[in-house]
Every structure is written in C-alpha cells, then in structure tokens.
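# Overview (structure and organization)
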Amino acid sequence: MRLANVEGRAVLLASDDAGIDVEHSSDGKFGPGLSAIFENWDSFRVWADHAAVTAEVTFTRDQLGSPSPQPKQIVAIGLNYSAHAAESGFAAPDRLPPTFTKFVSSLTGPDAEVVLPAGGNTDWEVELVAIIGRTATRVKEDEAWNYVAGLTIGQDISERVSQLAGPAPQFSLGKSFPKFAPVGPWLVTPDAVPDRDELSLSCAVNGQTMQDGSTRDLIFPVARLVSELSQTITLYPGDIIFTGTPAGVGVGRTPQQFLQPGDELVSRIEGLGEMRQTFVSKAPEAEG
Ligand code: ZN
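Rules and cut-offs
- Residues numbered from 1 in each chain as written.
- Predicted model: local features only at pLDDT ≥ 70, side-chain atom pairs only at ≥ 80, totals over all residues.
- Heavy atoms only, no water.
- Donors = N, O, S within 2.8 Å, 3.2 Å for Na, K, Ca; no water.
- Helix = DSSP H or I, 4+ residues; strand = E, 2+ residues; numbered from the N terminus.
- Buried < 20%, exposed > 50% of the residue type's maximum accessible area, 1.4 Å probe, protein only.
- Arc of directions from axis to C-beta.
- Polar contact = N/O pair within 3.5 Å; in protein donor to acceptor, adjacent residues only side chain to side chain.
- Pairing = 2+ DSSP bridges.
- Axes fitted to C-alpha atoms, helices over the stretch in contact; angles between N-to-C directions.
- Salt bridge = Lys/Arg side-chain N within 4 Å of Asp/Glu carboxyl O.
- Core = buried A, V, L, I, M, F, W, Y, C linked by side-chain atoms within 4.5 Å.
- Domains from an automatic or database assignment.
- Contact = heavy atoms within 4.5 Å.

Time to look at the coordination of the zinc ion. Each donor-metal-donor angle in an ideal tetrahedron of four donors is 109.5 degrees, and each such angle in an ideal octahedron of six donors is either 90 or 180 degrees. For the zinc ion, every protein donor is listed as Glu125 (OE), Glu127 (OE) and Asp156 (OD), and the spread of their distances is 1.9 to 2.1 Å. As a motif over one chain, the donors of the zinc ion read E-x1-E-x28-D. Taken together, the residues span a long stretch of sequence, with glutamate 125 in the loop between β10 (122-123) and β11 (126-132) and aspartate 156 in the loop between β12 (148-155) and β13 (158-159) at a distance of 31 residues. Just as glutamate 125 is buried, aspartate 156 falls in that class too.

Here's what the structure looks like:
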C-alpha cells in the first residue's frame, strides 16, 4: 500500500499520479490528512487493505507534501553505515546510535527548491526514512517493525561549516536550514517493498552518481533503531526517523565537493520512488 500527501489530503495510490481520496472514500472515517490517519493507523490499515483503489483523483508531483506533514519529532541517526563513518573520520558506533534532530521547521515535500546558506558547504545524504504508526516505548527489537507505518526517502541535507564549527559538532542546527529535510514522495508500507531490510539507495548530482548503497549495511537496522530509541524516548505516530546515510557524501570525497547554485540532486530508493531538489543561492537582501 502506498499513501501520498496531496496538498494536505491523504490519497491511497493506484499509480504514481492517481488514487482515491481517503476521507471521501471512507465516508469521513479517516483523514483528511495523514496526521489524523497516523493517530488511528491500525484501524486505517484494516480499512485500506479492503478499499477499492481506483484512479478517482489525479495529481502532479508539485502537489506532493511530506508523507508525515506534522511529526511531533524528527529523529536522525549519524554514522549508521561503517564506510560512511570511516569517510567522516569517526569510529563506527557499537552500542547507542548517534542521535540528533532535524528541527521540524526544515521539513518539506519531495521536490523542493532549496536555498544554499551563504558561506556554507552544503552536502547530500540520501537516507531510508521510517514513519512511526504506533506509540512506542521500550519496544523489543523483534516486535519493532509492528510500530512502523511505512518507509519513504529522505535527504539529510547538511551544511558542514556550521555542523562542524565550535567545540562540539552542531549536527541539529547544521542540518535544519529551511527545506533541509525533504521527505517523500509517499509512504510505502513495509510489506509492499521487495525486502524491508535490504533496499538499494542512491543519489546523483547533475546525473553523476554520488552515493550507491544498500540498507542491508545499516549498523543499526530499522527494527533495532526503533527498539534502541524507544528505550529512552517515546516515539509517537507520525514521527520521522532518518536512518543514516551510506558512503559518498561530498565532505568525504577527494577533493571535497559541495552543492552549487543550479545543481539538481536526485535520490532513489528501491521500491519507494525518487525525490528531486534543485539548489539556488540566497537572494540579495533588499536595500533600505
Ligand atoms: Zn544523515
């Protein structure tokens, strides 16, 4: 099952550009937006599994928003692939996953135009994103997938100068400029991907592949992440987890490479689709 956020309304997909409006089709029982659906995820799944999904409404890519539009929390994980930890100059984690947030003000839909912060080095990080479907506290790893509503793509866009400035890294601020958290294009339930624990993921800048990995190499896979995180924090329905990026980021290349005005970044994950961002420089401040 695939579920999209089309201008704030939940649409159950029949294809990449058509589906049924959930609120209309359920006679008002679910929706209209995805946030309300996450609050009622288990009964929504029962309804959706039996719904007649047709091409009743059509939409275009520019109408798509984040498949979780108003998460209470965005949790992001660093150094969750060994080759990426090595290229970043850090040891790979063995006990707790390195955890930070991308503040919710940075959240946007799948196909954003992003302003490059002045004086910064802005980098790409394609990531598998998990969206929570049930309140999770102290969940066991072997039950953790039951708390995941679905999977989608995320770009953990990162400004490295502010991220690494000062006595300790500023992961949360350096990764939370406006539209630095594009997510989409839609939610795909874990049963609808080829293998929820082994998905190829990649990103390309202007057509040149920069990252090309597989989620089978996650040090902390999705179920372990949900379990580990829920030992400390409560995960709420609609919460977004960025699970970490594979090797190939710009800061780890020789020579280093960062996003420039006019660049196009395309991110893909097997079974989930693709996202597309373009980058522009900051407009000059208005005078007076
Ligand atoms: Zn990341």
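What follows is about helix α3 (residues 41-50). Residues spaced three or four apart along an α-helix point in a common direction, a consequence of the helix completing one turn every 3.6 residues. Looking at α3, one finds that the buried residues are Trp41, Phe44, Arg45 and Ala48. Mapping the buried residues of α3 onto a view down its axis gives an arc of 105°, with all of them on the same face. Exposed side of α3, more than 90 degrees from the buried face: Val46 and His50 are the residues found there.

The next subject is the environment of threonine 189. If you trace the backbone, threonine 189 turns up in the loop between β14 (181-188) and β15 (200-205). Once the C-alpha coordinates of threonine 189 and alanine 130 are considered, the two residues, 59 residues apart in sequence, prove to be 9.8 Å apart. Polar contacts involving the side chain of threonine 189 include one to the side chain of aspartate 191, which spans 2.9 Å.

This part covers the sheet that holds strand β18 (residues 264-269). Taken together, five strands build an open sheet; the order of strands is β9-β19-β18-β15-β16 and the sheet is mixed. On the outer flanks of this sheet lie β9 (113-116) and β16 (208-214), each paired with one strand and no other. Neighbour-to-neighbour, the strand axes of the sheet open up by a mean angle of 20°, direction not taken into account. Bridge count between β18 and strand β19 (residues 273-281): six bridges; the pairing is antiparallel. Its bridge partner lying in β19, leucine 265 is registered against glutamine 277.

A word on the pattern of salt bridges. For side chains bearing opposite charge, pairing can occur when the charged atoms are close. Counting across every chain of the model gives 20 salt bridges. Notably, a salt bridge pairs glutamate 125 with arginine 160, separated by 2.8 Å at the nearest N-O pair. Of this pair, glutamate 125 sits in the loop between β10 and β11 while arginine 160 sits in helix α5 (residues 160-164), and the two are 35 residues apart along the sequence. Beyond isolated ion pairs, a larger network of salt bridges with shared partners links Lys102, Asp123, Glu125, Asp156, Arg160 and Lys175.

Let us now look at the nonpolar core. Leu151, Val226, Leu235, Ile241 and Leu272 are the most contacted members of the largest nonpolar core, which totals 50 residues. For this core, the leading source of residues is helix α7 (residues 222-230), giving five residues. Built from parts of two domains, this core gets at least three residues from each of domain 1 (2-64) and domain 2 (67-280). Residues contacting leucine 272, with those up to four places away along its chain left out, are Leu128, Leu151, Thr152, Ile153, Pro185, Trp186, Val188 and Val193.

A relative accessible area of 4% places glutamate 125 in the buried class. Ignoring any residue separated from it by four or fewer positions in sequence, one finds glutamate 125 in contact with His84, Gly154, Gln155, Asp156, Ser158, Arg160, Lys175, Gln211, Thr245 and Val249.

Each regular strand shows side chains that alternate between the opposite faces of the sheet. With four bridges connecting them, strand β2 (residues 9-15) and strand β3 (residues 18-21) associate as antiparallel partners. Across the sheet, serine 15 pairs through a bridge with alanine 18, a residue of β3. Examined bridge by bridge, β3 and strand β4 (residues 57-58) share two bridges and lie antiparallel to one another. If you follow glycine 19 over to β4, its bridge partner there is valine 57.

Moving on, we come to α7. For α7, a buried count of seven out of nine residues is recorded, marking the element as mostly surrounded by other parts of the structure. Taken residue by residue, α7 has Val222, Ala223, Leu225, Val226, Ser227, Leu229 and Ser230 as its buried positions.

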